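Observations on the model geometry
Chain by chain, the residues:
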Amino acid sequence: MENNAELARLEGFVDKLLNKYNQLKADFHALQATLSERDAECAELKNNIYNLTAERTEVGSRVSGLLDRIEQWESDQATFAADKRGGYESIQGSLFSDSLDGKNV
């Protein structure tokens, strides 16, 4: 009888051990799935960062081009105004040329 009690105790211990092992195995597989999802998410985010960086570079280049065109236009306008108004050096100066000539005083 004493051997039966010890055997039953051993069986209970083995059952607990196997249950714990199965639980750990299930947890491991769940963690592996989560890790795979996170790896895919990280790869997607890295790709998004790359795309956004390329887009930002393109936008920066286009804005720089626009600013250069505006500066060139301003320079052309200033030159045109100086030639037309007899030496005024800026567009703003040409706005007041009539009042300086005594016409709008």
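Residues numbered from 1 in each chain as written. Predicted model: local features only at pLDDT ≥ 70, side-chain atom pairs only at ≥ 80, totals over all residues. Heavy atoms only, no water.

**Considering the overall build of the protein**
We apply this condition: In this text, helices come from DSSP runs of H or I with a minimum length of four residues, and strands from runs of E with a minimum of two, each type numbered from the N-terminal end. A 1.4 Å probe rolled over the protein chains alone gives each residue an accessible area, and that area as a share of the maximum for its type sets the label: buried under 20%, exposed over 50%, partly exposed in between. A 1.4 Å probe and the Shrake-Rupley method give the accessible areas. Residues count as covered only by the protein chains that appear here.
When its secondary structure is counted, the protein shows three helices and zero strands. When its helices and strands are written in sequence order, the protein yields α-α-α. The buried share of the protein, taken over its 105 residues, is 4%. With the model as given, the accessible surface of the protein reaches about 9600 Å², and the carbon-plus-sulfur share is 56%.

**Concerning a nonpolar patch on the surface**
Convention followed: Patches were defined on residues exceeding 30% relative accessible area and lacking a salt bridge, with like-charge contacts within 9 Å and nonpolar side-chain contacts (Val, Leu, Ile, Met, Phe, Trp, Tyr) within 5 Å. One side-chain nitrogen of Lys or Arg within 4 Å of one carboxyl oxygen of Asp or Glu is enough to make a salt bridge.
Side chains of Leu 7, Leu 10, Phe 13, Val 14, Leu 17 and Leu 18 sit close together on the surface and give an oily, nonpolar patch of about 580 Å² of accessible area. You can see Leu 7 is positioned in helix 1 (residues 2–85). Residue Leu 7 is classed as partly exposed on the basis of its relative accessible area of 46%.

**A look at the pattern of salt bridges**
Per the stated rule, a full pass over the model turns up two salt bridges. Among the ionic pairs, Arg 62 bridges to Glu 58, the shortest N-O distance being 4.0 Å. Residue Arg 62 and its partner Glu 58 are located together in helix 1, separated by four residues, close to a single helical turn. Residue Arg 62 is classed as exposed on the basis of its relative accessible area, which comes to 60%. On the basis of relative accessibility, which here comes to 47%, the residue Glu 58 falls in the partly exposed class.

**Quick word on the confidence of the model for the protein**
When pLDDT is low, close inspection of the predicted coordinates is not appropriate. Rules: Per residue, pLDDT captures the predictor's confidence, and it can take any value from 0 to 100.
Confidence along the protein averages 86 in pLDDT terms, with 79% of residues attaining 70 or more. Highest mean pLDDT in the protein belongs to helix 1 (94); lowest belongs to helix 3 (residues 97–100) (54).

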